[in-house]
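# Structural description and commentary
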Amino acid sequence: QVQLVESGGGLVQPGGSLRLSCAASGSIFSIYAMAWYRQAPGKQRELVASITASGRANYADSVKGRFTITRAGRTVYLQMDSLKPEDTAVYYCNVRPSSNDYPAYWGQGTQVTVSS
């Protein structure tokens, strides 16, 4: 059974920084991509950033130039700089295996609150 453990959320001032991490463990599989999603109250979950095993990264327009996604082995990070109140949400880690025989996996979520 695969587990994704997230950490790094918290309360920060506007303009501040935060780094999220997500570590995958359990059953072995080859990873195609890892990603971060977020969900604000009353809104649908949205893709924030993703990164493939080859290192290709993509970002939502709302976070370009402020967030950076990186990967080391089976740990994915999201460096968040110049945070805004609209970044407030629960952030979820997602892992997509290379094989279609395996489903995607989700972390438990970590709260990020940006407030003065």
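Reference entry: report on the structure contained in this document. Model, not experiment: these values are computed from the prediction. (Residues numbered from 1 in each chain as written. Predicted model: local features only at pLDDT ≥ 70, side-chain atom pairs only at ≥ 80, totals over all residues. Heavy atoms only, no water.)

### A few points about the overall build of the protein
Of the regular secondary structure elements, the protein holds zero helices and eleven strands. Overall, the protein shows an N-to-C arrangement of helices and strands of β-β-β-β-β-β-β-β-β-β-β. Taken over C-alpha atoms, the radius of gyration comes to 14 Å for the protein, in line with the 13 Å a tight globule of 116 residues would show. Counting only C-alpha atoms and orienting by the principal axes, one finds that the protein spans roughly 45 × 25 × 25 Å. Out of the 116 residues belonging to the protein, those deemed buried represent 40%. Sequence-distant contacts, at least 24 apart, represent 55% of the contacts inside the protein between residues at least 6 apart. Only carbon and sulfur atoms are counted for the fraction: they give 47% of the accessible area of the protein, which is about 6300 Å². Mean positive and mean negative side-chain charge positions of the protein (11 and 7 charges, respectively) differ by 4 Å. (Helix = DSSP H or I, 4+ residues; strand = E, 2+ residues; numbered from the N terminus. Rg over C-alpha atoms; globule rule 2.2 N^0.38 Å. Buried < 20%, exposed > 50% of the residue type's maximum accessible area, 1.4 Å probe, protein only. Contact = heavy atoms within 4.5 Å. Areas by Shrake-Rupley, 256 points an atom, 1.4 Å probe, with all protein chains shown as cover. Lys, Arg positive; Asp, Glu negative; His and termini not counted. Charge placed at Lys NZ, Arg CZ, Asp CG, Glu CD.)

### A word on the sheet that holds strand β7 (residues 67–72)
With antiparallel pairing, four strands are arranged side by side in an open sheet as β1-β3-β8-β7. Edge positions in the sheet fall to β1 (3–7) and β7, since each of these pairs with one other strand and no more. Each strand of the sheet is rotated relative to its neighbour by a mean of 15°, with strand direction disregarded. As defined by bridge partners, β1 adjoins strand β3 (residues 18–25) across five bridges and the pair is classed as antiparallel. Counterpart to Q3 in the pairing with β3 is S25. (Pairing = 2+ DSSP bridges. Axes fitted to C-alpha atoms, helices over the stretch in contact; angles between N-to-C directions.)

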